[in-house]
Amino acid sequence: MSENKETDCLCFYVNGKKVTENNADPETMLLSYLRERLRLTGTKYGCGGGGCGACTVMVSRYQPGTKTILHYSANACLLPVCQLQGAAVTTVEGIGNTRTRVHPVQERIAKAHGSQCGFCTPGMVMSMYTLLRNKPQPNMEDITVALGGNLCRCTGYRPIVDGCKTFSPESNCCQANGNGAGCCVNGDSEMCFVGTHDIDCVFQEPPPQLFDQEDLLPLDPTQDLIFPPELIMEPQVSQLFRGERMVWVSPVSLEELIQLKTSHPQAPLVMGNTNIGPDIKFKGAWHPIIISPTRVQELFEVTKTLQGVCFGAGCSLSVVKALLEGLVQEIPEEKTEIYRSLLQQLGNLGGQQIRNVASIGGNIVSAYPNSDLNPVFAAGNCTLNVVSKRGRREILLNKDFFVGFGKTSLKPDEIVLSVFIPVSRQGEFMRAFRQAPRKENALATVTTGMRVMFIEGSSVVKELSIYYGGVGPCTVSATKTCAAVIGRYRGNFSQLTLSEAYTQLLDEISLSPSHPGGQVEFRRSLTLSLLFKFNLQMLHKLWEMVWTGSLFAPIGRVSSAIRPLPKQLQPSLQEFQAVVKGQSGDDPVGRPIMHRSAISQATGEAVYCDDIPKMDGELHLVLVTSTRPHAKILDIDISEALRVPGVVDVITSKDIPGKKFRTFTGIDEGILAQNEVSCVGHMVCAVVADNRKQAKRGAALVKIAYEDLPGPVFTVEEAIEKQSFFLPQRMIERGNVDEAFDKVDHIYEGEIRLGGQEHFYMETQSMVVVPSGEERELKVYLSCQHPTYAQTLGIPSNRVSCHVKRVGGAFGGKVTKTSIIACITSVAAWKTGRAVRCVLERGEDMLITGARHPVLGKHKVGFMNDGRIIAADLHYYANSGNTADESLLVIEKILLHLDNAYNVPNLRGRSVACKTNLPSNTAFRGFGVPQSMLVTENMINDVAMKLGCNFLFPEQIREINMYKEVSLTHYKFEFDPKNLLRCWDECKEKSDYGSRRKSVAQFNQQNRWKKRGMATIPIKFDIFSVRVSVRQAASLVHIYKDGSVLVSHGGTEMGQGIHTKMQQVASRELHIPASLIHITETDTSAVPNTCPSAASFGTDANGMAVKDACEILYQRLEPVRKQNPEGTWQTWVTSAFIQRISLSATGYYRGHDLYMDWEKQEGQPYAYFTYGACCSEVEVDCLTGDYRTVRTDIVMDIGRSINPSVDIGQIEGAFIQGLGLYTLEELKFSPSGVLYTRGPSQYKIPAVCDIPLQFNVYLLSGSDNPHAIYSSKGIGEPVLFLGSSVFFAIKDAVAAARVEAGMVGTFTLNSPATPERTCLACNTPFTQKIPASKQGSFQPWALSIP
Ligand SMILES: Cc1cc2nc3c(=O)[nH]c(=O)nc-3n(C[C@H](O)[C@H](O)[C@H](O)COP(=O)(O)OP(=O)(O)OC[C@H]3O[C@@H](n4cnc5c(N)ncnc54)[C@H](O)[C@@H]3O)c2cc1C
Ligand code: FES
Ligand code: FES
């Protein structure tokens, strides 16, 4: 093929329609093509790097070899459009919609309440839809595997899984099988413990259900789009696509491919694009020519022989997995050792979408240091068949093949044709292990393949091969260790040999303390403990096969090292109260009504900010941020940027008319840096161009000259040393703490560090600002929690209207930061007179917008022998970053919550906001409470440990110190803890705490290397905010002549279901069905001066405002109702209009008169408390730090729930977010303050694999709340803290592990309790072997924050 030929025409199908593209650009991915070119915006952008699944589509291709159609899910963000020749793509719009027919998957996820903000929903739908196309009756494992590559930040996954579970015949009850068959309620089944049923439900009236099984559409495969016949007949011809900067060549024969590679040895072969794609996108790699051999049949051939199986290098990892799964069933088990090891790795490698496209050859040649497959291939003696112009050759995949980071010994022009995986021989055994930051869909920290061959009938080692990933620049071999085992002890695979081997291994695989990726001690200990696991497994094998008395048998307690952690999801309960008898069927209040946009979200019709069609002349804005942590700006040179074609302007601080700062909580914050930058990521200027690509290119060419300022401050210790604080500091004291310390039996001082947390809302910061061209009017469409904040520019607010249709998740991160970015975008729109769109990429968003405040908490506690805490002195240091933002409110809230549920007579707290040179931290669900209470609960834990856990469990210390009767808090606010105690007692009862505690103790006695732990944690969480001005709300309600009703209010819909609840309120107040009521977007021109939707009081405030407006209108209709008592709503409305009665009203809610006097240290800062308790149990693998939450039970007092499904959704979602905060999510900064963790590949939020195996939620019955609408309570934030029950359960398990090492008493476990921290805290013989690097003798890879 001549590379000089003209560009070809690309042809593929999308949703059954042919797409012909004459100018296909090799740099365009399917995601942007769908969204921008085809205007199919249901497929979402979440990360752009294959890590979140928001962009999932189904790709179907004809397989000429088997004459079948292959359907697979794929990430559209990594799928080059040029690769789609001959493919049929199905997007969420292609499977169902509200105009014709909603697909059962869309319907079931929506009806099971699996869609909150909805941003992840289309991706979830498409993953599940693809599974059903391949397997209409999937089992639970199929479902969790299919959803493993999709992230959701709102729901906590349980409802999504429950919706999907309705397709599975595996379930025990109608709750999960979608057709009502086999249910105990019908008397069909003896066993029913799913959903809201319990074992007695056969005999009782069924309790209320979250969704109705009878109501679901059946799955009807005949409705699916057929594969376009044209694509089956399509002739295979090579193609070339010429883009602006790249040429894409797609050969169809091997000869052509060899020819191309010979001519362009540096051109990559793009198969799945899961390595090349992210390299281009995130690392700026550029390739003038790309060769795409996905249509070269030879690369997909699979040959099975007696010696092994040979996979074409192009085979996807999913195909490899499926074929190996078949083989292990077909051939004798002893021949499948290597196959099973590969399957072990493939089960956890990436998500399903990645495995579906990533090729086996690509994985090998990418030569990632932590590739999961390469250590297995290498240890398993696998070979590559490679081809080039010079002919074919075979290469053994061994240590000589992997020569460096991303480098192999392949010659540049060589092509891997196939990979040969041998069957295992007699006496040969192989195992693979990996430990990753998250159980699934995460690159491994350490991964390994280990193979041994014994001399037949003996335990003498003939061959031993051990390879590791994650411990060097490439896959590395432990050659010397293997030789030592074989040579020195004549290969007798005994413990003695191994203990020598550990020493050898430590010597051979040593890492520099500054090793990229950090976790050096952990990685090194994993190399040992994984070898230990291998050793035990082999001993077990030998013991089974050639029992000799001298062999140590890994049975009993020791066998726990090789038993996997439990994995099977169990049925869960969600229990809530039915509405009162006699409540009208039309009155939706108190019923589990589906989120009002759930179906539109599931069909992809729901419009998010970036789905708004492009305006005429629209520009795109890209921010330029500081690369220095603290420096003077000497010069900003924009000349080169302005020369980039398409770049229209560069906005600097000078362009801002009027005030160049925003004022939050009384402190000014610059909009764009003027003379100085104070963190990496500080916004300096913004480039606007005709499209995003051009704006990005322009941004890269802005040259900023800096002069570094000395001594940047990153940690709280540095801030304390330099007295770098935002003022005022806060202090509160009850009793006399100092005096009380003199009278106690014990005093203990401890500390805990809690890392920050990235909001990771699935929809990144997005906005479109449109100037009307007249009288300085601007319309701002944005995704934010506080639209009024975004009215800016020194223009009167009556010219700037802000519109929020919906927000794809916010969690506190879309208040202040969004308003600043909206200011910049508005300036650009104002200056250029054109519409400007700004949608941050995930990495930019994570870098710029800050996170939850990391906190260092110190405590000094005085207590008695009986467990009573008499005095406590707590210090909190919050790392605020470079600006104050809302930090001063955060540190106040920290102090107001430090008592949690405990009545400590002498209690003092001090908090301070540390000013550092990190990106400014901001509000995050809980607003300081999750940090505050963790310190308190850690103190309680320390008291228990100090007194000896066998004497008193932490739960007993909690009970001893809990508020028991009407009491005053430390700020002298009177409250009744009755419902707190009820939640606590019911939680213990429902979780069967007492007997499970005993089982845990028994388990720990019986297992040496696995430990279980339990923790029960209470919460008392205030609702409402002390800030006077934001405690109000307004609404506007119109009744139209046709009887339909339009409600506007000041709250924003972020997935928390506020619009659904407002619809319920209006329905009740107007006495009309909810179907007559529409909730419009939040619009500051309809309801002005909106307050933030935050602090769990959106429904409380806006609900009252909507109620007020509806009451006014209902009153106004009173005369017409009296005139015609038999009339209908419609006739009354018509009469009212004729009688000139206004059918429009505003509603207002003034909020409670709350205050806090910090001088007097007293106040009534809150209206009421939401209470709850949570019991979690975990199982920890002490050798790796991996853990599973075996069970969680939550009892919450949320008054009378307006909508139990929405509230249970908030509870479960917040719990999982808390579990992420305390056990998983880690922000990492370089020693110079650069955020490393800028996407889902580096920053792990919980995935489906993280949900508790059994997850029960109970809403406390019989609770009333006179302070909020319909006796409900705010619930958005409180439960997040209960995720700490998992943290303390891990700590409990670690304590048990430490006893094995002879260590009792207190110890520090910082949050999050990652596998790294957990494993190191367990203090196993392996962690003990790792020599600690001398502090100060090296620069660690990452800062220790806070
Ligand atoms: C979100 C995500 C999660 C991941 N998780 C994991 C994980 O947990 N474990 C893990 O091991 N990996 C993981 N990976 C890496 C992934 O497995 C590899 O990127 C993938 O296997 C590479 O295959 P590909 O077909 O996509 O390669 P491409 O990106 O298409 O190509 C990669 C390289 O291989 C070369 N190449 C491809 N085929 C050939 C051939 N036949 N002959 C010669 N050279 C060839 C190309 O020239 C190119 O240099 C992950 C990747 C992503 C994006
Ligand atoms: S946007 Fe494609 S995986 Fe995240
Ligand atoms: S509903 Fe899943 S991210 Fe919001």
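An unreviewed UniProt entry lists the chain under the name Aldehyde oxidase 6, from Oncorhynchus tshawytscha. Under the heading Sequence similarities (unreviewed entry), UniProt records this for the chain: "Belongs to the xanthine dehydrogenase family."

Undergrad: Give a description of the overall build of the chain that names residues and reports values.
TA: Summing up its helical and strand segments, the chain has 37 helices and 50 strands in all. Taken over C-alpha atoms, the radius of gyration comes to 31 Å for the chain, in line with the 34 Å a tight globule of 1346 residues would show. Classification of the 1346 residues of the chain by burial places 65% in the buried group. Across the chain, every contact between residues at least 6 apart in sequence was considered, and the portion connecting residues at least 24 apart equals 77%. In the structure as shown, the chain presents an accessible area of about 46,800 Å², 51% of it carried by carbon and sulfur atoms. Charged side chains in the chain number 134 positive and 135 negative. The centres of these two groups are separated by 3 Å.

Undergrad: Residues and numbers for the packing of aromatic side chains, please.
TA: Counted according to the given criterion, the structure contains 19 aromatic pairs. Relative to Tyr33, the ring of Phe12 lies with its centre 5.9 Å away and its plane at 55°, an arrangement referred to as tilted. Residue Phe12 is found in strand E1 (residues 10-14), and its partner Tyr33 is found in helix H1 (residues 30-37); the two are separated by 21 residues along the sequence. A relative accessible area of 0% places Phe12 in the buried class. Tyr33 sits in the buried class, given a relative accessible area of 6%. Aromatic pair Tyr502 and Phe1326: ring centres 5.3 Å apart, planes at 80°, arrangement edge-to-face. With Tyr502 in helix H16 (residues 495-508) and Phe1326 in helix H37 (residues 1325-1328), this residue pair connects regions lying 824 residues apart in the sequence.

Undergrad: So what about the sheet that holds strand E32 (residues 778-782)? Which residues, and what values?
TA: One open sheet accounts for eight strands, arranged E23-E27-E21-E34-E31-E32-E33-E44; its pairing is mixed. Lying at the two open borders of the sheet, with one neighbouring strand each, are strand E23 (647-651) and strand E44 (1082-1083). Sheet topology places strand E33 (residues 800-804) next to E44; two bridges connect them, and they run antiparallel. The residue bridging Val804 from the neighbouring strand is Thr1082, located in E44.

Undergrad: Give a detailed account of a nonpolar patch on the surface, specifying residues and quantitative values.
TA: Taken together, the side chains of Ile69, Ile232 and Met233 make up a nonpolar region of the molecular surface, amounting to roughly 280 Å² of accessible area. Structurally, the position occupied by Ile69 is in strand E4 (residues 68-75). Taking the relative accessible area as the measure of exposure, Ile69 reaches 30% and is therefore partly exposed.

Undergrad: I'd love a proper account of the side chain of His71, names of residues and values included.
TA: Relative to the helices and strands, His71 resides in strand E4. For His71, the side chain forms a polar contact with the side chain of Ser60, separated by 2.8 Å. Beyond its immediate sequence surroundings of up to four residues, His71 is in contact with Met58, Val59, Ser60, Thr130, Arg133 and Asn134.

Undergrad: Run through the UniProt feature "binding site: [2Fe-2S] cluster 2" (unreviewed entry) in the chain, naming residues and quoting values.
TA: In this structure's numbering, the residues bearing the UniProt feature "binding site: [2Fe-2S] cluster 2" (unreviewed entry) are Cys117, Cys120, Cys152 and Cys154. Across 38 residues of sequence, these annotated residues stay compact in space, with a maximum C-alpha separation of 9.4 Å. Here Cys120 is to be found in the loop between helix H2 (104-111) and helix H3 (121-134). Cys120 gets classed as buried once you look at its relative accessible area, which sits at 5%. The residues touching Cys120, leaving out its near neighbours within four places in the chain, are Leu151, Cys152 and Met762. In this fold, Cys152 is placed in the loop between helix H4 (140-147) and helix H5 (158-165). With a relative accessible area of 5%, Cys152 lands in the buried category.

Undergrad: For the nonpolar core, give the residues involved together with the corresponding values.
TA: In this structure, Phe1215 and Leu1282 are the most contacted members of the largest nonpolar core, which totals 214 residues. Excluding residues within four positions of it along the chain, Leu1282 makes contact with Ile1017, Pro1018, Ile1019, Ala1173, Cys1174, Ile1194, Met1196 and Phe1215. Counting 72 residues, the second-largest nonpolar core is a separate cluster that includes Val309, Ile421, Met430 and Tyr467.

Undergrad: Mind laying out the pairing of E33, listing which residues take part and the relevant values?
TA: Counting buried residues along E33, five of its five residues qualify, which places the element largely inside the surrounding structure. Side chains Val800, Cys802 and Val804 of E33 all project onto a buried face; the interleaved residues Ser801 and His803 project onto the opposite face, where all are buried too.

Undergrad: Explain the pairing of strand E24 (residues 661-664) residue by residue, including any values.
TA: Side chains of E24 alternate between two faces, with Arg662 and Phe664 buried and Phe661 and Thr663 left unburied. The pairing of E24 with strand E25 (residues 667-670) spans four bridges and is classified as antiparallel. Within the sheet, the bridge partner assigned to Thr663 lies in E25 and is Asp668. Connecting the antiparallel pair E24 and E25 is a turn made up of two residues, with Thr665 showing a positive phi of about 40°.

Undergrad: How would you sum up the packing of helix H34 (residues 1204-1223) against helix H35 (residues 1284-1300)? Please name residues and give values.
TA: At a closest axis distance of 7 Å, the pairing of H34 and H35 adopts a crossing angle of 40°. With respect to their mutual orientation, H34 and H35 come out oblique. Where H34 abuts H35, its residues Phe1215, Leu1219, Tyr1222 and Thr1223 lie against Ser1284, Ser1285, Val1286, Phe1287 and Ile1290. By residue class, the composition of the contact of H34 with H35 is six nonpolar, three polar and no charged.

Undergrad: So, the UniProt feature "binding site: substrate" (unreviewed entry) in the chain: which residues are in play, and what are the values?
TA: Under the UniProt annotation, the feature "binding site: substrate" (unreviewed entry) is placed at Phe927. Within the secondary structure, Phe927 is located in the loop between strand E37 (906-915) and helix H26 (929-947). The class of Phe927 is buried, set by a relative accessible area of 15%. Each residue touching Phe927, except ones within four places of it in the same chain, is listed here: Arg852, Glu886, Leu889, Val890, Lys893 and Glu1277.

Undergrad: Give a description of the site of ligand 1 that names residues and reports values.
TA: Inspection of the region around ligand 1 gives 30 residues, with Met271, Gly272, Thr274, Ser359 and Asp372 positioned closest. Residue Asn273 places a main-chain N or O atom 3.0 Å away from an oxygen atom belonging to ligand 1. At a separation of 2.8 Å, a nitrogen atom of ligand 1 approaches a polar backbone atom of Val416. Contact with the protein chains covers 94% of the free accessible surface of ligand 1, which is 970 Å². Elements supplying a minimum of two residues to the shell around ligand 1: helix H13 (360-366) and strand E15 (415-422). Class assignment for the residues of the shell around ligand 1 results in 15 nonpolar, twelve polar and three charged.

Undergrad: Break down the sheet that holds strand E30 (residues 746-754) for me, with residues and values.
TA: Spatial strand order, E29-E37-E36-E35-E30: five strands in an open sheet with mixed pairing. The open sheet terminates on both sides in strands that have one partner only, identified here as strand E29 (725-734) and E30. Adjacent strand axes in the sheet meet at a mean angle of 10°, parallel and antiparallel pairs treated alike. Here E30 pairs with strand E35 (residues 855-863) via nine bridges, running antiparallel. Looking at E35, one finds that Gly750 is bridged to His859.

Here is what the cut-offs are and how they apply
- Residues numbered from 1 in each chain as written.
- Chains lettered and ligands numbered in written order.
- Predicted model: local features only at pLDDT ≥ 70, side-chain atom pairs only at ≥ 80, totals over all residues.
- Heavy atoms only, no water.
- UniProt positions renumbered as here; feature names shortened; annotations may be inferred.
- Helix = DSSP H or I, 4+ residues; strand = E, 2+ residues; numbered from the N terminus.
- Rg over C-alpha atoms; globule rule 2.2 N^0.38 Å.
- Buried < 20%, exposed > 50% of the residue type's maximum accessible area, 1.4 Å probe, protein only.
- Contact = heavy atoms within 4.5 Å.
- Areas by Shrake-Rupley, 256 points an atom, 1.4 Å probe, with all protein chains shown as cover.
- Lys, Arg positive; Asp, Glu negative; His and termini not counted.
- Charge placed at Lys NZ, Arg CZ, Asp CG, Glu CD.
- Phe/Tyr/Trp six-rings, centres within 6.5 Å; stacked < 30°, edge-to-face > 60°.
- Pairing = 2+ DSSP bridges.
- Patch = residues over 30% accessible without salt bridge, like charges linked within 9 Å, V, L, I, M, F, W, Y side chains within 5 Å.
- Salt bridge = Lys/Arg side-chain N within 4 Å of Asp/Glu carboxyl O.
- Polar contact = N/O pair within 3.5 Å; in protein donor to acceptor, adjacent residues only side chain to side chain.
- Core = buried A, V, L, I, M, F, W, Y, C linked by side-chain atoms within 4.5 Å.
- Axes fitted to C-alpha atoms, helices over the stretch in contact; angles between N-to-C directions.
- Parallel < 35°, antiparallel > 145°, perpendicular 65-115°, else oblique.
- Nonpolar A, V, L, I, M, F, W, Y, C, P; charged D, E, K, R; others polar.
- Near = heavy atom within 4 Å.

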